[in-house]
Amino acid sequence: EAKRNGRNRYEHFTLAMDDVARSRRVIENDLREAISGRQLRLYYQPITDGEAVQSIIGYEALMRWHHPVKGLIMPNDFIPIAEESGLIHMLGAYALYEACREATTWEGKQSVSVNLSPLQFKNSSLVSVVEAALRDSGLDPSRLEVEITESVLLDDSLGNIRTLESLKKLGVQIALDDFGTGYSSLSYLRSFPFDKIKIDKSFINDMGDSREALAIIRAITGMSRSLDIQITAEGVESSEQFAKLREEGCTLFQGYYFGRPQPSELRLKALDNPA
Ligand code: C2E
Ligand code: MG
Ligand code: MG
Ligand code: MG
């Protein structure tokens, strides 16, 4: 009896695994069509300067997939699949071209931040893709910012740092995203002169009731002051958080309190109607 139950459980498990594998394959195939079918769109979330009143200095481009049957799919549900299947290179190039193109239509000439997957660094053409996106769109390179995560500095760091230096030479800004998660070694900050550090939203979310979260925010802002790096707080959802973070020395802010990600043409509407 026990043996049979055990086998059943095993069979259920492998069947479930098959399901997962199958649905991944389906998503992967759909994703191939998504790019040519114009189902992928970039939404833009404002990044504001805490010192000036209502001043939006830039927007982060965040990808959305409007699936013809499944509806809206969020990046956490398809970026990992794009990474495993190699489609991330096509998807990443699309994001760079599209973000640069749309940013040229913004009257305020704000910057646009594009997330780069660590896997895009494995492709030797990354720098020329960025260069081509800038050239084709005519966007001033200083208005483009790329966001990378620590893992880029972790493996093959020498090659990746060279790539970052080449991007920097093009005039592009470089931000370190989700800081405080992962390994977060302070020595990363010596390996490359980042323009910005973005404190991961989990710390902002927790800082109200966690002394540890607040202490980490303090350590990051303290350090950034001496290194002269701008700090962006992500995931700011309330005026209390905004006030506190400003007091702690954060200079740039992003979060639902200031605006949700919106299609390019709706960005200004979002402003009339904060949070
Ligand atoms: P991220 O780069 O850290 O982007 C910030 C995420 O926090 C976004 O989630 C944004 O919608 C969300 N967010 C912003 N403000 C708030 C807030 O006040 N509260 C809460 N709870 N969340 C907030 P999203 O759009 O779902 O994207 C998730 C992640 O997917 C991004 O994290 C980024 O790592 C990745 N991603 C998005 N677009 C792209 C892309 O074009 N390429 C690549 N490689 N990755 C992307
Ligand atoms: Mg980001
Ligand atoms: Mg982030
Ligand atoms: Mg994140």
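Our subject is the structure that appears above.
Because the structure is predicted, anything quoted here is derived from the model rather than measured.

Student: Got a minute to help me understand the coordination of the magnesium ion (ligand 2) in this structure?
Tutor: Between any two of four tetrahedral donors, the ideal angle at the metal is 109.5 degrees; between two of six octahedral donors, it is 90 or 180 degrees. Glu 60 (OE), Asn 115 (OD1), Glu 147 (OE) and Asp 177 (OD) make up the full set of protein donors to the magnesium ion (ligand 2), lying at 2.0 to 2.3 Å. Of note, the donors binding the magnesium ion (ligand 2) are all from one chain and are spaced E-x54-N-x31-E-x29-D. A gap of 3.9 Å separates the magnesium ion (ligand 2) and the magnesium ion (ligand 3), which Asp 177 links by coordinating each metal. Of this pair, Asn 115 sits in strand E4 (residues 111-115) while Asp 177 is found in strand E6 (residues 173-179), placing the two residues 62 residues apart along the sequence. Look at Asn 115 and you get partly exposed, because its relative accessible area is 30%. On the basis of relative accessible area, Asp 177 is assigned to the buried category, the value being 6%.

Student: Explanation requested: the coordination of the magnesium ion (ligand 3) in the structure shown.
Tutor: Every protein donor of the magnesium ion (ligand 3) is accounted for by Asp 177 (OD), Asp 178 (OD), Glu 234 (OE) and Glu 234 (OE), and the metal-donor separations fall at 2.1 to 2.5 Å. Counting gaps between the donor residues of the magnesium ion (ligand 3) yields the pattern D-D-x55-E.

Student: When you look at the environment of Pro 46 in this model, what are you seeing that I'm missing?
Tutor: Along the chain, Pro 46 turns up in strand E1 (residues 40-49). Taking C-alpha positions, Pro 46 is 6.4 Å from Gln 254, a pair spaced 208 residues apart along the chain. For Pro 46, the residues in contact, after removing those within four places along its chain, are Ile 56, Gly 58, Tyr 59, Phe 253, Gln 254, Phe 258, Gly 259 and Arg 260.

Student: Where do I start with helix H4 (residues 126-137) in this structure?
Tutor: Note that an α-helix has 3.6 residues per turn; residues three or four places apart therefore point the same way. Spanning 12 residues, H4 covers 17 Å between terminal C-alpha atoms, matching the ideal 16 Å at 1.5 Å per step. Every buried residue of H4 is accounted for by Leu 126, Val 129, Val 130, Ala 132, Ala 133, Leu 134 and Ser 137. Phi turns positive one or two residues past the end of H4, at Gly 138, with a value near 80 degrees.

Rules of the game
- Residues numbered from 1 in each chain as written.
- Chains lettered and ligands numbered in written order.
- Predicted model: local features only at pLDDT ≥ 70, side-chain atom pairs only at ≥ 80, totals over all residues.
- Heavy atoms only, no water.
- Donors = N, O, S within 2.8 Å, 3.2 Å for Na, K, Ca; no water.
- Helix = DSSP H or I, 4+ residues; strand = E, 2+ residues; numbered from the N terminus.
- Buried < 20%, exposed > 50% of the residue type's maximum accessible area, 1.4 Å probe, protein only.
- Contact = heavy atoms within 4.5 Å.
- Expected span 1.5 Å × (residues − 1).

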